[in-house]
Amino acid sequence: MVSILQGGANKETLRIFALAPSMREHNVNKGLSPPVSENNLIHTMARADRNLIEPHLTPVKMDKGMVVEERLEPIRHVYFPRSGVGSTVAMVQNGRPIEVGLFGNEGMSGTAIVMQSEYSSQKTFMQIPGDGWSIDAERLRDLLGQSTSLQRHFLRYVQSLMTQVSHTALSNGHAKLEERLARWLLMCHDRIKSDKMSLTHEFMSIMLGVRRAGVTVGIHILEGKGMIRAYRGQIIILDRKGLESEAHGSYGAAEAEYARLIGFDRPD
């Protein structure tokens with residue numbers, strides 16, 4: 001897939017996601033950029049649905065390591081980040097966890113509630129701290145029953161997230177480690193406001209499901225190509241276009257699907 005994001009030098013206008021070409025041209029022509037201070041999933045709701053849900057949203061700080069959902073336990077609250085990155089990880093008993101999905105200010109936790117379940121089959125926690133809004137899960141369930149358009153909006157997000165998860169599986173099964181690392185760094189980069197990301201080798205090894213030594217090798221490869229610079233506990237993105245090329249098509253399809261299903265403009 002052809003790269004469709006602007007390079008890191010233009011990061012003053014925060015990208016939430018890679019845009020499909022038609023969506024990118026639309027935003028440029030209208031002088032728009034994805035909202036920095038809001039959660040885009042709420043931003044793109046119909047006005048009536050925003051009016052329905054906003055009175056029930058509570059500001060919340062989301063610290064690093066905060067558990068948003070525990071595996072096989074009832075979901076109490078659903079979160080809509082404004083900043084930060086959340087990760088959903090899967091693991092077998094006594095096994096090494098691996099990230100299967102992530103979200104930031106483009107999305108939400110609690111998709112099981114949207115699917116009319118009470119708990120998640122996986123654990124979700126904050127990998128990069130931030131802030132956002134929360135809503136009581138039971139209240140959200142009530143609101144979904146009141147508005148078919150709100151339910152449809154969230155279901156479209158679930159579909160885009162399923163696309164991300166399927167491409168994560170494809171990448172894990174077929175891509176080289178440095179390609180997987182490039183894709184993962186791009187996905188984190190989409191969701192934060194800076195080219196600098198606080199990420200340790202140990203943490204990245206958990207997210208990618210590989211040993212720490214493997215992550216070190218992958219980082220050295222990307223550093224050698226001038227795409228990133230790694231310090232203790234920090235990764236700096238130097239060449240975003242290079243990372244997109246290094247990902248070899250494993251990045252972009254899920255992002256384009258999100259742009260198609262959700263977009264960045266309010267429908268009204």
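Everything numeric in this text was worked out from a predicted model, so none of it was measured. (Residues numbered from 1 in each chain as written. Predicted model: local features only at pLDDT ≥ 70, side-chain atom pairs only at ≥ 80, totals over all residues. Heavy atoms only, no water.)

A. Fine view of the sheet that holds strand β1 (residues 58-62). Here we have three strands laid out as an open sheet, ordered β1-β7-β3, and antiparallel in their pairing. Edge positions in the open sheet fall to β1 and β3 (77-81), since each of these has one partner strand only. Averaged over all adjacent pairs, the angle separating strand axes in this sheet is 40°, with direction ignored. In this structure, β3 lies alongside strand β7 (residues 130-136), joined through five bridges in antiparallel fashion. In the strand pairing of β7, Pro 81 is matched with Gly 132. Relative to β7, helix α5 (residues 137-146) is tilted by about 65°, and along the sheet it contacts β3 and β7. (Pairing = 2+ DSSP bridges. Helix = DSSP H or I, 4+ residues; strand = E, 2+ residues; numbered from the N terminus. Axes fitted to C-alpha atoms, helices over the stretch in contact; angles between N-to-C directions. Contact = heavy atoms within 4.5 Å.)

B. Structural view of the pairing of strand β9 (residues 228-231). Here four bridges tie β9 to strand β10 (residues 234-237), and the two strands are oriented antiparallel to one another. Note that in β10 the partner of Arg 229 across the bridge is Ile 236. Counting the residues in the hairpin turn of β9 and β10 gives two residues, including Gly 233, whose phi is positive at 75°.

C. Here's a closer look at the layout of surface pockets. A volume near 440 Å³ is recorded for the largest pocket. Residue lining of the largest pocket: 21 residues in total, with Thr 88, Thr 111, Ser 120, Leu 161 and Val 165 positioned closest to the centre. Broken down by secondary-structure element, the contributors of at least two residues to the lining of the largest pocket are β5 (98-103), α4 (111-114) and α6 (148-174). (1 Å grid on protein atoms, 1.4 Å probe; cavity = no way out; pocket = protein on both sides within 12 Å on 5 of 7 lines; lining within 4 Å. Points joined across faces, edges and corners; volume = space filled by probe spheres on them.)

D. Seen up close, the pattern of salt bridges. Under the counting rule described, the total for this entry stands at ten salt bridges. Here Glu 138 makes a salt bridge to Arg 141, at a shortest N to O gap of 2.5 Å. Linking Glu 138 with Arg 141, this pair stays in helix α5, spanning three residues, or about one helical turn. According to the relative accessible area criterion, Glu 138 is partly exposed, its value standing at 46%. Taking relative accessible area as the criterion, Arg 141 reaches 24% and is therefore assigned partly exposed. (Salt bridge = Lys/Arg side-chain N within 4 Å of Asp/Glu carboxyl O. Buried < 20%, exposed > 50% of the residue type's maximum accessible area, 1.4 Å probe, protein only.)

E. Local environment of the packing of α5 against α6. Running from amino to carboxyl end, α5 crosses α6 at an angle of 115°, the nearest separation of the two axes being 5 Å. Between α5 and α6, the angle is such that the two are roughly perpendicular. Where α5 abuts α6, its residues Leu 140, Leu 143, Leu 144 and Gln 146 lie against Thr 148, Leu 150, Gln 151 and Phe 154. The residue makeup of the contact of α5 with α6, split by class, is five nonpolar, three polar and no charged. (Parallel < 35°, antiparallel > 145°, perpendicular 65-115°, else oblique. Nonpolar A, V, L, I, M, F, W, Y, C, P; charged D, E, K, R; others polar.)

F. Inspection of the sheet that holds strand β8 (residues 196-197) at higher detail. The strand order across the open sheet formed by three strands is β8-β10-β9, and the pairing between neighbours is antiparallel. Edge positions in the sheet fall to β8 and β9, since each has one partner strand and no second. Relative to the sheet, helix α9 (residues 212-224) contacts β9 and β10, its axis offset from that of β9 by approximately 135°.

G. Representation of the nonpolar core within the structure. Core analysis: the biggest nonpolar cluster contains 30 residues, and Trp 184, Leu 185, Leu 199, Met 204, Ile 228, Ile 235 and Leu 243 have the highest contact counts within it. No other element matches helix α7 (residues 177-190), which puts seven residues into this core. (Core = buried A, V, L, I, M, F, W, Y, C linked by side-chain atoms within 4.5 Å.)

H. Quick look at the environment of Arg 152. Tracing the backbone shows Arg 152 in helix α6. Through-space distance from the C-alpha of Arg 152 to that of Val 114 is 9.4 Å; in sequence the pair is 38 residues apart.

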